[in-house]
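Letter by letter, the chains look like this.
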Amino acid sequence: MNFGLNGKVAIVTGGSSGIGRATAVAFAQTGASVVVAARRVQEGEETVRLAKDAGGEALFVQTDVTKAADVEALVGKTLEAFGRLDCAFNNAGIGKFIPLTERSEEEWDAETNVNLKAVWLCLKYQIPAMLETGTGAIVNMASIGGAVIGTSNFSAYEATKAGVIGLTRSAAIEYAGQGIRINAVSPGVIATEILSIFSEDRLQQVSNAVPLKRIGEAAEVANAVIWLCSDAASYITGHNLVIDGGFTVR
Ligand SMILES: NC(=O)c1ccc[n+]([C@@H]2O[C@H](COP(=O)([O-])OP(=O)(O)OC[C@H]3O[C@@H](n4cnc5c(N)ncnc54)[C@H](OP(=O)(O)O)[C@@H]3O)[C@@H](O)[C@H]2O)c1
């Protein structure tokens, strides 16, 4: 399908694996140039290779999204390489199951820094670049965990994902009048490395509880992100799109 993204420029954070990698490749398939941001160099470069194979221009910029200087440099290198910024998928995230009262301050800070503070940092530096052209579309990564439902032992992760929804709504309203659309996606359980936090038994239980009777694929989240970034979603901003095979409405 032609999403009108040919020639556009996109940043994908957390692009070294999972949903971020699938989305970087999906952007490349539309003809967009994609900048892959993450900490792991080899894995990030592998995403670049896959994106180029898919037909787009691609560049890896090693980035720790919790550091303002890294995020500022990421946007700067994107503008240097491709001259503009049209789309961004702020996807990097981490999560650990730890009982609330046993969680250390360091563990709380680690998750909130990557999952929430870094999304704000990305918006802070991406939005001015988009204002240069007066147009742009951003998608922030949330999760059904926190944004829609609660799960025990997952307090920091779910607090951050609920926070991403609030941040997305506020940013969407703030920049709606200046040509920038900002939305969130909330996947259910998707087959990626992050699922190593679940036992096999738990994964089977979750799979059985999904009305579509399976765990989702990273490419199925990527497709939704591409659509939200495209003009096909031109009247959608401040929205949280749930991608969970019907799990939260069963
Ligand atoms: N899979 C699911 O079931 C599911 C469901 C709902 C939401 N999500 C969300 O989807 C997002 C992607 O997760 P995934 O499932 O694709 O898992 P994943 O394969 O583990 O991807 C996580 C990505 O985040 C990056 N990352 C982590 N810390 C970072 C940092 N400080 N700076 C830059 N990048 C960082 C990792 O890259 P480096 O390690 O190379 O830095 C990696 O590319 C996360 O936000 C997650 O919460 C996943």
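Use the structure listed above.
Residues numbered from 1 in each chain as written. Predicted model: local features only at pLDDT ≥ 70, side-chain atom pairs only at ≥ 80, totals over all residues. Heavy atoms only, no water.

According to the stated counting rule, one finds 3 aromatic pairs in the structure shown. Relative to Phe 154, the ring of Phe 97 has its centre 4.2 Å away and its plane inclined at 25 degrees; by these criteria the two rings are stacked. Here Phe 154 lies in the loop between helix H5 (144–147) and helix H6 (155–175) and Phe 97 lies in the loop between strand E4 (87–90) and helix H4 (105–131), a separation of 57 residues in the sequence. Owing to a relative accessible area of 30%, Phe 97 belongs among the partly exposed residues under this scheme. When the centroid spacing of 5.5 Å and the interplanar angle of 70 degrees are considered together, the rings of Phe 97 and Phe 198 count as edge-to-face. In this pair, Phe 97 sits in the loop between E4 and H4 while Phe 198 sits in the loop between strand E6 (180–187) and helix H7 (200–209), placing the two residues 101 residues apart along the sequence. For Lys 124, the ring lying beneath its charged end belongs to Tyr 125, and the centroid distance is 5.6 Å. (Phe/Tyr/Trp six-rings, centres within 6.5 Å; stacked < 30°, edge-to-face > 60°. Helix = DSSP H or I, 4+ residues; strand = E, 2+ residues; numbered from the N terminus. Buried < 20%, exposed > 50% of the residue type's maximum accessible area, 1.4 Å probe, protein only. Lys NZ or Arg CZ within 6 Å of the ring centre and 35° of its normal.)

Turning next to the pairing of strand E1 (residues 9–13). Counting buried positions over the 5 residues of E1 gives 5, a clear majority of the element. Side chains Val 9, Ile 11 and Thr 13 of E1 all project onto a buried face; the interleaved residues Ala 10 and Val 12 project onto the opposite face, where all are buried too. Sheet analysis places E1 next to strand E2 (residues 33–38), joined by 5 bridges and oriented parallel. Of the residues in E2, the one forming a bridge with Ala 10 is Val 34. (Pairing = 2+ DSSP bridges.)

Let us now look at unusual backbone geometry. At Asn 153, a position not held by glycine, the phi torsion is positive, near 65 degrees. Along the polypeptide, Asn 153 turns up in the loop between H5 and H6. Although it is not a glycine, Lys 213 sits at a positive phi angle of roughly 65 degrees. Note that Lys 213 resides in the loop between H7 and helix H8 (218–229).

Oppositely charged side chains can pair when the atoms bearing their charge come close. For the structure on display, the rule yields 7 salt bridges. Residue Arg 40 is joined to Glu 193 by a salt bridge in which the shortest nitrogen-to-oxygen separation is 3.5 Å. Here the residue Arg 40 occupies a position in the loop between E2 and helix H2 (41–53), and Glu 193 occupies one in the loop between E6 and H7, the gap between them amounting to 153 residues. Take Glu 193: its relative accessible area is 52%, and that puts it in the exposed class. Note that Asp 86 and Arg 84 form a salt bridge whose closest N and O atoms lie 2.6 Å from each other. Look at Arg 84 and you get partly exposed, because its relative accessible area is 30%. (Salt bridge = Lys/Arg side-chain N within 4 Å of Asp/Glu carboxyl O.)

Attention now goes to the environment of Ala 10. Following the sequence through the fold, Ala 10 ends up in strand E1. Relative accessible area serves as the criterion here: at 0%, Ala 10 is assigned to the buried category. When the C-alpha positions of Ala 10 and Ala 24 are compared, they lie 8.3 Å apart, and in sequence the two are 14 residues distant. Excluding residues within four positions of it along the chain, Ala 10 makes contact with Phe 27, Ser 33, Val 34, Val 35, Leu 85 and Cys 87. (Contact = heavy atoms within 4.5 Å.)

Moving on, we come to the sheet that holds strand E7 (residues 240–243). Overall, parallel pairing links the 7 strands, which are arranged E3-E2-E1-E4-E5-E6-E7 in an open sheet. Sheet topology places strand E3 (58–62) and E7 at the edges, where each strand pairs with a single neighbour. Looking at each pair of strands side by side, their axes are set apart by 20 degrees on average, direction ignored. Contacts between helix H1 (residues 18–29) and the sheet are confined to E1, E2, E4 and strand E5 (136–141), with E1 contributing the most and set at about 170 degrees to the helix. Sitting on the sheet, helix H3 (residues 68–82) touches E1, E2 and E3, and the angle it makes with E1 is about 150 degrees. (Axes fitted to C-alpha atoms, helices over the stretch in contact; angles between N-to-C directions.)

Remark: H4 packs on H6, axes separated minimally by 8 Å, with the N-to-C direction vectors making an angle of 15 degrees. Here H4 is positioned roughly parallel relative to H6, judged by the angle of their axes. Both H4 and H6 take part in a crossing whose hand is right-handed. When H4 is examined against H6, the residues Trp 108, Glu 111, Thr 112, Asn 115, Leu 116, Val 119, Trp 120, Leu 123, Ile 127 and Leu 131 are found in contact with a partner set consisting of Ser 155, Ala 156, Tyr 157, Ala 159, Thr 160, Lys 161, Gly 163, Val 164, Leu 167, Ala 171 and Tyr 175. Of the residues that constitute the contact of H4 with H6, the class distribution is 14 nonpolar, 5 polar and 2 charged. (Parallel < 35°, antiparallel > 145°, perpendicular 65-115°, else oblique. Left-handed = near helix turned anticlockwise from the far one by under 90°. Nonpolar A, V, L, I, M, F, W, Y, C, P; charged D, E, K, R; others polar.)

The next subject is the layout of surface pockets. Taken as a whole, the largest pocket encloses approximately 1,000 Å³ of empty space. Surrounding the largest pocket, 46 residues form its lining, Gly 93, Ile 94, Tyr 157, Thr 192 and Ile 194 being those nearest its centre. Contributions of two or more residues to the lining of the largest pocket are made by H1, E2, H5, H6 and H7. Split into classes, the residues belonging to the lining of the largest pocket amount to 23 nonpolar, 16 polar and 7 charged. Taken as a whole, the second largest pocket holds about 260 Å³ of empty space. What lines the second largest pocket is a set of 19 residues, and nearest its centre among them are Thr 135, Gly 136, Gly 179, Arg 181 and Asp 231. Classifying every residue of the lining of the second largest pocket by side-chain character gives 9 nonpolar, 6 polar and 4 charged. (1 Å grid on protein atoms, 1.4 Å probe; cavity = no way out; pocket = protein on both sides within 12 Å on 5 of 7 lines; lining within 4 Å. Points joined across faces, edges and corners; volume = space filled by probe spheres on them.)

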